[in-house]
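# Observations on the model geometry
Below are the chains, spelled out letter by letter.
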Amino acid sequence: MEDANVGQDSDHIFLKQAVEEAYEGVDTKDGYPFGAVIVRNGEVVVSCHNMVKRNKDPTAHAEVIAIRMACEKLDKQKLSDCEIYASCEPCPMCFAAIQITGIKRLVYGARAESLTPLGYGDFISDALRGTTSFQKADLEIKKAEGDDAIMAEEVLVNYIKSLHKKKPITAE
């Protein structure tokens, strides 16, 4: 029983770090509210956030950036001895990258439906869960629950609220 709690504590710590990265990405205006952390043997290999705006690269999602950095840092293409923590359910591109690298475990916070106000929730959930990609995946997938799920959803909710607070630019 104690071993399960240790795993849950680790999951909480690393998921919280991914959520903090998501906030960092928005605060620095590097990208959108998504963060990812790759862990090996209980140690953080890389921690990063979405860089789509900064890099002007639509593929610079947090998970993809994390995978690129981890492969570089560990000097290998396969990350089969690693886990990834994502602040939100990965999109199909990120999920494919996770599978291609052989990452053994995915823990994510917010569900894709949290992105519905931005027009992405159905796209992601239909593409992944609608085709049973998650069920067929050769990795352990864990959706955060309770306070961890709430913490991960808040970053998206706060981002969406901030978009509504911005005043439209008008010609003078």
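Per an unreviewed UniProt entry, the recorded name for the protein is CMP/dCMP-type deaminase domain-containing protein, and the organism is Papaver nudicaule. Heading Sequence similarities (unreviewed entry) of the UniProt record for the protein holds this comment: "Belongs to the cytidine and deoxycytidylate deaminase family."

Moving on to the overall build of the protein. Per the secondary structure count, the protein includes seven helices and five strands. Secondary structure elements of the protein occur, N-terminal to C-terminal, as α-β-β-α-α-β-α-β-α-α-β-α. Per-residue burial for the protein yields a buried fraction of 45% across its 172 residues. Put simply, 58% of the contacts in the protein that link residues at least 6 apart link residues at least 24 apart.

Within the largest apolar cluster, 46 residues are counted, with the highest numbers of intra-cluster contacts made by Ile 38, Ile 67, Leu 79 and Leu 106. Those elements that place two or more of their residues in this core are helix 1 (2-27), strand 1 (35-40), strand 2 (43-49), helix 3 (62-74), strand 3 (82-88), helix 4 (92-101), strand 4 (105-110) and helix 7 (146-165). No other element matches the eight residues that helix 3 contributes to this core. Ignoring anything within four residues of it in the chain, the contact list for Ile 38 reads Glu 43, Val 44, Val 45, Val 46, Ala 66, Ile 67, Ala 70, Leu 79, Cys 82, Glu 83, Ile 84 and Ile 103.

You can see Ala 112 is positioned in the loop between strand 4 and helix 5 (121-128). By relative accessible area, which is 0% here, Ala 112 ends up buried. Along the backbone, Ala 112 and Glu 89 are 23 residues apart, and their C-alpha atoms lie at a distance of 5.5 Å.

With mixed pairing, five strands are arranged side by side in an open sheet as 2-1-3-4-5. Each edge of the open sheet is held by one strand with a lone partner, namely strand 2 and strand 5 (140-143). Each strand axis lies, on average, 15 degrees off the axis of its neighbour in the sheet, ignoring direction. This element, helix 7, spans strand 3, strand 4 and strand 5 of the sheet and lies at about 60 degrees to strand 4.

Before going further, it helps to spend a moment on the environment of Ala 18. As for its position among the elements, Ala 18 is in helix 1. By relative accessible area, which is 0% here, Ala 18 ends up buried. Setting aside residues up to four positions removed in sequence, Ala 18 forms contacts with Gly 35, Ala 36, Val 37, Tyr 85, Ala 86 and Ser 87.

To continue, consider the pattern of salt bridges. Scanning the model with the defined rule gives eight salt bridges in all. Arg 54 is the salt-bridge partner of Asp 30, the closest N and O atoms lying 4.0 Å from each other. Of this pair, Asp 30 sits in the loop between helix 1 and strand 1 while Arg 54 sits in helix 2 (residues 52-55); the two residues are 24 residues apart in sequence, bridging distant segments of the chain. According to the relative accessible area criterion, Asp 30 is buried, its value standing at 10%. Arg 40 serves as the salt-bridge partner of Asp 81, at 3.5 Å between the closest nitrogen and oxygen. In this pair, Asp 81 sits in the loop between helix 3 and strand 3 while Arg 40 sits in strand 1, placing the two residues 41 residues apart along the sequence. The class of Asp 81 is partly exposed, set by a relative accessible area of 25%. Within this structure, Asp 11, Glu 83, Arg 105, Glu 140 and Lys 142 form a network of salt bridges that share partners.

Residue position: Lys 143 is located in strand 5. Here the side chain of Lys 143 touches Gly 109 through a polar contact of 2.5 Å, landing on its backbone oxygen. Setting aside anything within four residues of it in sequence, one finds Lys 143 in contact with Tyr 108, Gly 109, Ala 110, Arg 111 and Ala 149.

Criteria and cut-off values
Residues numbered from 1 in each chain as written. Predicted model: local features only at pLDDT ≥ 70, side-chain atom pairs only at ≥ 80, totals over all residues. Heavy atoms only, no water. UniProt positions renumbered as here; feature names shortened; annotations may be inferred. Helix = DSSP H or I, 4+ residues; strand = E, 2+ residues; numbered from the N terminus. Buried < 20%, exposed > 50% of the residue type's maximum accessible area, 1.4 Å probe, protein only. Contact = heavy atoms within 4.5 Å. Core = buried A, V, L, I, M, F, W, Y, C linked by side-chain atoms within 4.5 Å. Pairing = 2+ DSSP bridges. Axes fitted to C-alpha atoms, helices over the stretch in contact; angles between N-to-C directions. Salt bridge = Lys/Arg side-chain N within 4 Å of Asp/Glu carboxyl O. Polar contact = N/O pair within 3.5 Å; in protein donor to acceptor, adjacent residues only side chain to side chain.

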